[in-house]
Number of protein chains: 2
Amino acid sequence: MKELIEKTIATEQVFNGRMIDLQIDTVSLPNGATATREIIRHPGAVAILAITADKKMIFVEQYRKPIDRVIFEIPAGKIDAGEIEHLLTAQRELEEETAYRAANWQLLTALYTAPGFADEIIHIYEARGLARQEAPLAMDVDEFLNVHTLTLTEAKALIGEGKIVDAKTVYAIQHFELNYNNY
Amino acid sequence: MKELIEKTIATEQVFNGRMIDLQIDTVSLPNGATATREIIRHPGAVAILAITADKKMIFVEQYRKPIDRVIFEIPAGKIDAGEIEHLLTAQRELEEETAYRAANWQLLTALYTAPGFADEIIHIYEARGLARQEAPLAMDVDEFLNVHTLTLTEAKALIGEGKIVDAKTVYAIQHFELNYNNY
């Protein structure tokens, strides 16, 4: 087996933002040569596969500036400063974005979204036993979205139509399909 | 349905790198307020679900500096400047990273990896009819990896062990499982 690990020689902080930071690391490669790595630091995120009693998934429809498109995604959001427990972040995001609380929570997985250039990890939960809140937590002031409840067939159709196009949401739909008979 | 789209008021280029660029957009929100969006521009990428004649998947084991870990992923790489046809990029990456060429190619999907802060889209292909090359294309000079061929069961075990942790690879394994009887 080849040696694979790169050792950090220097780190240059390029940008410290509201959501992401950017640094350039100079590394020593396994063969002794040097190279640079452009790295985005992200606080991490949560996403929720929320399943209703009648076996539908909850989606949020929102505009994403980086891709200049309105897309359907599972509810998700970044981990705020001071939020240590990812489950609490997931519960906050689900209620803020959809007005639902869930009685039953289970961590499904944690996935790196783009390990070639970013350290973002997204903790994906399954939420069941949903109850809509009359007075839910308020959304972030710069967040606008519509909530949709869809069957597996409807969700897969939206993949085909190109309205569901992000990795975490397709993961959740595949997970739902693979475990469909258990719900 | 609520209005969702944000209009760009100003764009500030913060960084132009070898792999990614960073810009900050000031946007007008649907309610007329303004906000800023930190956006990573990426040239896009390809990834390959390569399936052998004996129904195994091909993985590459490599170090990822942003997460400081050695992980198993499906073969993948960014689209180089001037590469117009994504299929050719996928064919190049598969041969460079694994020494395999494939007779049969099919585009499975294209997924945004992190639409909250990046425009990266990854075009995921299925490759079958594999033939190992005696004199394959050379890898990038700063790339070091080991190639592994695993059954579905073995791949799922690596998810459980935390050695497969990235969204595109878990997508590919789920796709393989959902369509297993067709291979």
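Quantities reported herein were computed from a predicted structural model and do not represent experimental measurements. (Residues numbered from 1 in each chain as written. Chains lettered and ligands numbered in written order. Predicted model: local features only at pLDDT ≥ 70, side-chain atom pairs only at ≥ 80, totals over all residues. Heavy atoms only, no water.)

## Looking at helix H2 (residues 152–160) of chain B
All names here are of chain B. So the rule is basically this: Exposed residues in this analysis have more than 50% of their type's maximum accessible area, buried residues have under 20%, and partly exposed residues fall in between, with area computed by a 1.4 Å probe over protein chains only. Secondary structure is summarised from DSSP: a helix means a run of H or I of at least four residues, a strand means a run of E of at least two, and numbering begins at the N terminus for each. To be clear, the arc concerns the directions from the helix axis to the C-beta atoms. Any two residues whose heavy atoms approach within 4.5 Å at even a single point are treated as in contact.
Buried residues of H2: Leu152, Ala155 and Leu158, and no others. Around the axis of H2, the buried residues are gathered within 120° of arc, so they sit on the same side. Of the exposed residues in H2, those oriented more than 90 degrees away from the buried face are Thr153 and Gly160. In this structure, the buried side of H2 is in contact with strand E5 (57–64), strand E6 (69–73), strand E10 (145–150) and helix H3 (167–178). One or two residues past the end of H2 sits Gly162, with phi positive at roughly 75°.

## Comments concerning the domain arrangement of chain A
All names here are of chain A. Quick reminder of the rule: Each domain's limits were defined by an automated method or a database of domain assignments. Buried area is understood as the total, over both parts, of accessible area removed when two parts are fitted together, assessed with a 1.4 Å probe. Salt bridge criterion: a side-chain nitrogen from Lys or Arg within 4 Å of a carboxyl oxygen from Asp or Glu. In protein, a polar contact requires one atom able to donate a hydrogen and another able to accept it; more generally it is a pair of N or O atoms within 3.5 Å, and residues adjacent in sequence count only if both atoms are side-chain atoms. The classification used treats Ala, Val, Leu, Ile, Met, Phe, Trp, Tyr, Cys and Pro as nonpolar, Asp, Glu, Lys and Arg as charged, and all other residues, Gly among them, as polar.
Taken domain by domain, chain A holds domain 1 (7–41) and domain 2 (45–182). Look at where the C-alpha atoms of domain 1 and domain 2 centre, and you get two points 31 Å apart. Listed as interface residues are six residues of domain 1 and, on the opposing side, five residues of domain 2. Taken together, the two surfaces of domain 1 and domain 2 that pack against each other cover about 430 Å², and 48% of this comes from carbon and sulfur. Counting every contact that joins domain 1 to domain 2 gives one salt bridge. Taking the shortest distance from any N to any O, the salt bridge between Asp119 and Arg41 comes out at 3.3 Å. Put simply, domain 1 and domain 2 have three residue pairs in polar contact (both at pLDDT 80 or more) between them. Residues of the side of domain 1 that touches domain 2, tallied by class, amount to three nonpolar, no polar and three charged.

## Structural notes on the pattern of salt bridges
Inspection of every chain in the model, using the stated rule, returns 32 salt bridges over all chains. Across the salt bridge formed by Arg64 of chain B and Glu73 of chain B, the nearest N and O atoms sit 2.8 Å from each other. By relative accessible area, Glu73 of chain B is classed as buried at 0%. Ionic contacts of the salt-bridge type, sharing partners, join the residues Lys78, Asp80, Glu83, Arg92, Glu93 and Glu96 of chain A into one network.

## Looking at the packing of aromatic side chains
Residue and element names in this part refer to chain A. Note the following rule: Any two rings among Phe, Tyr and Trp, with Trp reduced to its six-membered ring, count as a pair given centres within 6.5 Å; such a pair is stacked if its planes are under 30 degrees apart, edge-to-face if over 60, and tilted if neither.
As enumerated under the stated definition, the model contains six aromatic pairs over all chains in all. With 5.3 Å between their ring centres and 70° between their planes, Phe176 and Tyr180 make a pair best called edge-to-face. Taking the centre distance of 5.3 Å and the plane angle of 45° together, the rings of Phe176 and Tyr183 count as tilted. Phe176 sits in the buried class, given a relative accessible area of 0%. What makes Tyr183 buried here is its relative accessible area of 18%.

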